[in-house]
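# Breakdown of the fold
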Amino acid sequence: MRRRGFTLLEVMLVVLILGLLMAVAGPRLLGRTEQARRTRTQAELGEITQALGLYRLDGGSYPTTAQGLAALIQRPDIPPAPRHWRSQGYLPRPPVDAWGTPYVYASTDGTRYTLRSLGPDRAPGTDDVDDDAP
């Protein structure tokens, strides 16, 4: 009785072909993950911007820096209190970007704000995903 199996040459040929495929397709697939994270973060920045607009319509101004984005989830305890506030809030949960970092929000006078993601390196002042809204 003769046993059938793969020879060492056949196995090495398959490994070589798989290695070539990964060398060609791997960078393209890995780049898509980062692109998807950037797209998700930009979409979430748009959602937060809409929630901030609704908050301003109801409350008369944007949340202060001290109140932060938490003011979109529950009524802020820190003054100034909004004139009106939706009982169910403006966002369902605290927003974090695709890299698991909270968004950076600042508003000094309640008429303008800045909103941005720290991006994949999670460091301020670098040129990652960034969105400043008036």
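This is a predicted model, so every value here is computed, not measured. (Residues numbered from 1 in each chain as written. Predicted model: local features only at pLDDT ≥ 70, side-chain atom pairs only at ≥ 80, totals over all residues. Heavy atoms only, no water.)

### Focus: the overall build of the protein
Helices and strands together make up the secondary structure of the protein, namely one helix and two strands. Of all 134 residues assigned to the protein, the portion counted as buried reaches 30%. Relative to all contacts within the protein whose residues are 6 or more apart in sequence, the contacts with residues 24 or more apart total 46%. Carbon together with sulfur atoms contributes 60% to the accessible area of the protein, which is approximately 9,400 Å² in total. (Helix = DSSP H or I, 4+ residues; strand = E, 2+ residues; numbered from the N terminus. Buried < 20%, exposed > 50% of the residue type's maximum accessible area, 1.4 Å probe, protein only. Contact = heavy atoms within 4.5 Å. Areas by Shrake-Rupley, 256 points an atom, 1.4 Å probe, with all protein chains shown as cover.)

### So, the layout of surface pockets
Vacant regions in the atomic arrangement are exposed by a probe of water-molecule size rolled over the atoms. Quantified by volume, the largest pocket comes out at close to 200 Å³. Contributing to the lining of the largest pocket are Arg40, Glu44, Glu47, Ile48, Leu91, Pro92, Arg93, Pro94, Pro95 and Val96. (1 Å grid on protein atoms, 1.4 Å probe; cavity = no way out; pocket = protein on both sides within 12 Å on 5 of 7 lines; lining within 4 Å. Points joined across faces, edges and corners; volume = space filled by probe spheres on them.)

### Remarks on the side chain of glutamate 44
When you line up the elements, glutamate 44 lands in helix α1 (residues 8-59). Since its relative accessible area comes to 16%, glutamate 44 is described here as buried. Beyond its immediate sequence surroundings of up to four residues, glutamate 44 is in contact with Val96, Asp97, Ala98 and Tyr103.

### Focus: the pattern of salt bridges
Applying the stated criterion to the full structure yields one salt bridge. One salt bridge connects glutamate 44 with arginine 40, and the closest N-O pair in it is separated by 3.1 Å. Of this pair, glutamate 44 and arginine 40 both sit in helix α1, four residues apart, which is roughly one turn of that helix. Look at arginine 40 and you get partly exposed, because its relative accessible area is 40%. (Salt bridge = Lys/Arg side-chain N within 4 Å of Asp/Glu carboxyl O.)

### Some remarks on the packing of aromatic side chains
Inspection of the entire model under this criterion finds four aromatic pairs. Aromatic pair tyrosine 55 and tyrosine 90: ring centres 5.6 Å apart, planes at 70°, arrangement edge-to-face. With tyrosine 55 in helix α1 and tyrosine 90 in the loop between α1 and β1 (104-106), this pair connects stretches of sequence that are 35 residues apart. On the accessibility criterion, tyrosine 55 (2% relative accessible area) is buried. Judged by centre distance (5.9 Å) and plane angle (85°), the ring pair of tryptophan 85 and tyrosine 90 falls under edge-to-face. Note on tyrosine 90: relative accessible area 9%, which makes it buried. Three or more aromatic residues joined by ring pairs form one cluster here, namely Tyr55, Trp85 and Tyr90. (Phe/Tyr/Trp six-rings, centres within 6.5 Å; stacked < 30°, edge-to-face > 60°.)

### Describing the confidence of the model for the protein
Note: predicted coordinates in regions of low pLDDT should not be interpreted at a detailed level. For the protein, the average pLDDT comes to 84, and 85% of its residues sit at 70 or higher. Residue range residues 129-134 is modelled with pLDDT below 50. Its contacts to residues more than four positions away, or to other chains, number 21 contacts. (pLDDT = per-residue confidence, 0-100.)

### Comments concerning the environment of leucine 57
Relative to the helices and strands, leucine 57 is located in helix α1. The spacing of leucine 57 and proline 82 is 25 residues in sequence and 9.8 Å in space, taken between C-alpha atoms.

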